[in-house]
Amino acid sequence: MEQQQIDLFVHHIGELITMAGEAGAHTGSRMADVPVVKGGAVAIRDGVIVAAGPEADVRAQIAGLPVAQELDARGRLVTPGLVDPHTHLVHGGSREHELAMKLQGATYLEILAQGGGILSTVRATRSATEDELYAKAKRSLDTLLLQGVTTCEAKSGYGLTLEDELKQLQVTKRLNEAHPVELVSTFMGAHMVPEEYKGRSADYVKLVIHEMLPEVKRLGLAEFCDVFCEHGVFSPEESEEILAAAKALGFGVKIHADEIEPLGGAELAGKLGCISAEHLLAATDAGFEAMRDAGVIAVCLPATSFNLRLKQHARARRMIELGLAVALSTDYNPGSSPTESIQLVMTLGCLNLGLTPEEVLTAVTVNAAHAIGRGDRVGSLVPGKQADLVIFDAANLAYVPYHFGINHVDTVVKGGKIVVRDGRLAY
Ligand SMILES: N=CN[C@@H](CCC(=O)O)C(=O)O
Ligand SMILES: [Zn+2]
């Protein structure tokens with residue numbers, strides 16, 4: 001009976017972390033509840049997990065079935081494929097010249113106010129062809145995959161005209177069709193008011209609401225809509241107007257909230273029922289409570305505060321104490337966080353946010369999956385879910401954030417297929 005065969009059997013796993021547990025994101029103290037199976041195995045058929053757990057149990061479950069391919073984990077650590085829930089993957093150019101400005105003391109908002117920052121990436125993105133953007137984003141996606149990321153969110157927001165936003169979103173669509181990393185697309189036309197609308201933000205908000213959102217919807221190019229709610233960018237009132245319009249069209253909504261100034265973005269996320277709110281360095285306890293009560297996931301971006309040389313970090317311990325679900329992400333973008341290293345983010349999650357390795361793993365698997373609406377399919381190794389897993393060249397979980405600044409990934413399986421082997425692309 002051919003349909004009964006096991007396509008891939010991963011065995012001899014030293015420590016298997018399945019992230020199995022109750023349905024939904026793991027909130028509060030549940031984030032630390034991360035059981036480890038010593039001596040585990042995973043059986044996969046048709047790209048889906050058939051069984052995962054102690055090797056003897058899995059072998060008993062699949063006894064008598066032919067196994068097409070075996071993968072020996074050689075006593076190492078296996079986790080679910082990592083999920084990066086917040087990236088600005090598709091963009092033109094780079095901004096290394098901002099490093100010197102930062103070293104001379106210029107802040108993120110000062111660079112932006114001088115027409116640099118996001119606006120300089122907008123110029124580079126507008127002048128790039130779709131194929132150029134594709135080639136650059138593909139290299140980054142390969143790097144993310146080599147880091148163990150199997151599912152990733154990608155925002156637009158460097159086009160800021162209908163045509164250029166669609167160009168970015170088309171690249172995401174094409175990459176999603178061609179690359180093993182599964183992409184979740186977010187429209188972020190409200191990332192910045194473009195130069196040609198300077199002083200006329202109300203007109204730009206109208207363009208986003210009346211032209212961009214309906215067209216993105218009509219073309220089916222994004223599942224979520226995000227807004228940068230920040231002093232000098234979009235006000236809470238403008239953010240609410242845009243996100244309410246997006247919701248009415250059927251988009252899920254997200255918000256870059258209280259990154260630099262406490263404008264009430266977290267409270268707005270709760271009010272609108274956003275799936276996630278991002279950054280949150282300046283968010284208040286009242287904001288956290290509003291998020292918790294509405295089930296909004298807090299996406300913390302510790303590589304961003306590291307790269308912006310901020311003294312302040314997102315209060316992730318307080319979020320957990322108040323019962324929120326925290327996710328972590330690279331925030332990969334050419335300005336505030338030019339890195340695809342989710343493993344560096346794991347280290348910073350421990351060292352700068354005070355999370356334990358167990359909480360960090362929850363934050364980059366199951367909670368990250370829920371932050372982008374994929375919690376039912378990815379983020380944990382349980383029967384029926386997609387077979388996305390990582391073999392780390394490490395004996396235990398803590399070793400990964402502890403030995404920082406290098407890549408520990410040996411093998412990545414996406415949808416039951418080996419796509420990274422011996423730390424190299426194999427798809
Ligand atoms: N904060 C706003 N947007 C991005 C940064 C984009 C950029 O600097 O190009 C972020 O999430 O960090
Ligand atoms: Zn962002």
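Residues numbered from 1 in each chain as written. Chains lettered and ligands numbered in written order. Predicted model: local features only at pLDDT ≥ 70, side-chain atom pairs only at ≥ 80, totals over all residues.

Quick word on the pairing of strand β11 (residues 276–279)
For strand β10 (residues 252–257) and β11, the ladder comprises 4 bridges, and the chain directions are parallel. Residue pairing across strands places K254 opposite S276, the latter belonging to β11. Between the parallel elements β10 and β11, the chain passes through helix α9 (residues 265–272) in a crossover that is right-handed. Pairing of β11 with strand β12 (residues 297–300) involves 3 bridges; the strand directions are parallel. Within β12, the position partnered with A277 by the bridge is A298. Where the polypeptide runs from β11 across helix α10 (residues 285–294) and back to β12, its parallel neighbour, the crossover connection is right-handed. (Pairing = 2+ DSSP bridges. Helix = DSSP H or I, 4+ residues; strand = E, 2+ residues; numbered from the N terminus. Right-handed = clockwise from strand over helix to strand, strands pointing away.)

A short note on the site of ligand 1
Near ligand 1 lie 14 residues; those nearest to it are I118, F228, N333, G335 and S336. Of the residues belonging to the shell around ligand 1, the class tally is 3 nonpolar, 9 polar and 2 charged. (Near = placed C-beta within 6 Å. Nonpolar A, V, L, I, M, F, W, Y, C, P; charged D, E, K, R; others polar.)

Description of the sheet that holds β12
Ordered in space as β6-β7-β8-β9-β10-β11-β12-β13, the 8 strands form an open sheet in which the pairing is parallel. Each edge of the open sheet is held by one strand with a lone partner, namely β6 (82–84) and β13 (326–328). For this sheet, the mean angle separating the axes of adjacent strands, direction not counted, is 25 degrees. (Axes fitted to C-alpha atoms, helices over the stretch in contact; angles between N-to-C directions.)

Considerations on the UniProt feature "binding site: Fe(3+)" (unreviewed entry) in the chain
Taken from the UniProt record, the annotation "binding site: Fe(3+)" (unreviewed entry) applies to H86, H88, H256 and D331. Spanning 246 residues, the named residues nonetheless gather at one spot, since no C-alpha pair among them exceeds 12.3 Å. Structurally, H86 can be placed in the loop between β6 and α2 (97–103). Non-local contacts of H86, meaning those with residues more than four positions away in its chain, are made with E153, E278, V299, L301, S329 and D331. Looking at the secondary structure, you find H88 in the loop between β6 and α2. Residue H88 is classed as buried on the basis of its 26 C-beta neighbours within 10 Å. With sequence-adjacent residues up to four places away left out, H88 is seen in contact with K155, G157, Y332 and N333. (UniProt positions renumbered as here; feature names shortened; annotations may be inferred. Contact = placed C-beta atoms within 7 Å. Buried ≥ 20, exposed ≤ 12 C-beta atoms within 10 Å, placed from the backbone.)

Side note on the pairing of strand β9 (residues 224–228)
Buried residues dominate β9, accounting for 5 of its 5 residues. Alternating positions in β9 separate into two faces, F224, D226 and F228 on one and C225 and V227 on the other, with burial throughout. Handedness of the crossover joining strand β8 (residues 182–190) and β9 through helix α7 (residues 201–219) is recorded here as right-handed. With helix α8 (residues 236–249) bridging β9 and its parallel neighbour β10, the resulting β-α-β unit is right-handed.

What about helix α13 (residues 342–351)?
Of all 10 residues in α13, 8 are buried; the element is thus mostly enclosed. Turning to α13, its buried residues are I342, Q343, L344, V345, M346, T347, L348 and G349. Buried residues in α13 make contact with β6, β7 (149–155), α11 (302–307), β13, α14 (357–364) and α16 (399–402).

Some points on the nonpolar core
Generally speaking, a soluble globular protein has its nonpolar side chains buried in company with each other. With 138 residues, the main nonpolar core has A298 and V326 as its most contacted residues. A per-element tally of this core places α7 first, with 7 residues. Per-domain counts for this core show at least three residues from each of domain 1 (2–81 + 380–425) and domain 2 (82–371). (Core = buried A, V, L, I, M, F, W, Y, C linked by C-beta atoms within 7 Å. Domains from an automatic or database assignment.)

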